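Residue-level structural notes
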Amino acid sequence: MSSSNADKKKTLEQPGAGFNLGRIVSNPSDGSCLDTVQLGQLEQSFRQWVETSTRRDVRFSRRRILLVFLLIRYTGAKLNEILSLDPFIDIDADHQMVCIRDLELGTQGCIRKITIAEHLNKEIQTQLADPLFRNSLTNLFAVDPAFVRRKFYERAEACGFSKRLGSPEMIRRARAVEWMQSNMPLPAVQKLLGHSTPNLTTAYVSFSEEELHRVTKLFVERESTRKTSARNAFLGKIVEIQRGDIQSLVCLLSLGGYTLTAMITNNSLERLGLQVGGLIMAEVKAPWVILHRGGTDTPHSAENRFYGEVIRINRGKVSVEFVVRIGDGTELCSLISAASSKALDLNVGDSVFALFNCFAVVLHAY
């Protein structure tokens, strides 16, 4: 089952009653922006774009654009703020923070500091530690803004989104919506975006700088844990619900672009408050994941099938644990009997299909 382009373009509902996004982000008034899953698809598009180049100089150029995108996507900073960064000075690896400076004051003190997730911090530091990449940053991140915008538009259109939704301003807006929908306090969102709205200044009274920093750090850590490729776990957006008389089929689109289906009772559907467009975590226990080496045309009854590579094998006397990594980096763990393992004759590096049916999936609402 695959979702239509229309499904992929659906956006999450605006934050709860009383919240006016216009108070936070000044952008077009129609309220549309990419949601978390779509931002994940856009990120994957940028990463694939980097890897497709065979020329080293082009790959380094694209890698810089990728870092610019990641910094805007996860800090909510403006394009010109990111392009003016000195990544070797303004990205504090020890504290996982990005220093945003006043562009008019040059290299004076930070006007705000934004915490980033550990995995993003490590990725940035790994890239900057590459001597060849470092040498390519003769102008640091100072790239023609028009060129950066074109690349953002191209990646958005490659995902089937309108190019407007891929603009730096709309990505910044989408980040603000993510923060608000995840219940980050309004003063913290304002602080991260660099906004100072007169009618909300009283909200700052109860939040010190240190408290705002702690709130942000807690949110980033929670978000990072939720989005990392935990074994047998998919974070996604509900794209379809087929309600039956007793049970309902829930279809979600994962961050990596995979479609997954789950069957739950109507009571569970109502209790979880599941709706199309909502974020959901899908999990499946290892014993329910079946492995097979057949081709794509091999008949099977499992609604969920993912192609991947065996990256780890833990062999026991009566059971064997296989860990399979699929295309988006998600790891699926399968626990099978030693006899079945012997019949499969799988080794690390082998390609294999991981299957499980819709009844094996457990859903967790956010």
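Residues numbered from 1 in each chain as written. Predicted model: local features only at pLDDT ≥ 70, side-chain atom pairs only at ≥ 80, totals over all residues. Heavy atoms only, no water.

1. Concerning the overall build of the chain
When you go through the chain residue by residue, the secondary structure sums to 13 helices and 13 strands. When burial is assessed residue by residue, the chain has 49% of its 366 residues classed as buried. By sequence separation, contacts in the chain at least 24 residues apart represent 65% of the contacts at least 6 residues apart. (Helix = DSSP H or I, 4+ residues; strand = E, 2+ residues; numbered from the N terminus. Buried < 20%, exposed > 50% of the residue type's maximum accessible area, 1.4 Å probe, protein only. Contact = heavy atoms within 4.5 Å.)

2. Remarks on the side chain of Asn 304
Within the secondary structure, Asn 304 sits in strand 9 (residues 304-315). The class of Asn 304 is buried, set by a relative accessible area of 1%. What Asn 304 contacts, discounting residues up to four positions off in sequence, is Thr 259, Leu 260, Thr 261, Ala 354, Leu 355, Phe 356, Asn 357, Cys 358 and Val 361.

3. Remarks on the packing of aromatic side chains
Within this structure, the stated rule accounts for nine aromatic pairs. Measuring from ring centre to ring centre gives 5.9 Å for Phe 69 and Phe 152, while their planes differ by 70 degrees; the resulting arrangement is edge-to-face. Pair noted here: Phe 69 is in helix 3 (residues 56-75) and Phe 152 is in helix 8 (residues 145-158), with a separation of 83 residues, a long-range link. What makes Phe 69 buried here is its relative accessible area of 0%. When its relative accessible area of 0% is taken as the criterion, Phe 152 is described as buried. A network of ring pairs unites the aromatic residues Phe 46, Trp 49, Phe 69 and Phe 152 as a single cluster. Above the plane of the ring of Phe 133 lies Arg 63, whose end atom (NZ or CZ) is 5.2 Å from the centre. Its end group placed over the ring of Phe 353, Arg 305 keeps NZ or CZ at 4.3 Å from the ring centre. (Phe/Tyr/Trp six-rings, centres within 6.5 Å; stacked < 30°, edge-to-face > 60°. Lys NZ or Arg CZ within 6 Å of the ring centre and 35° of its normal.)

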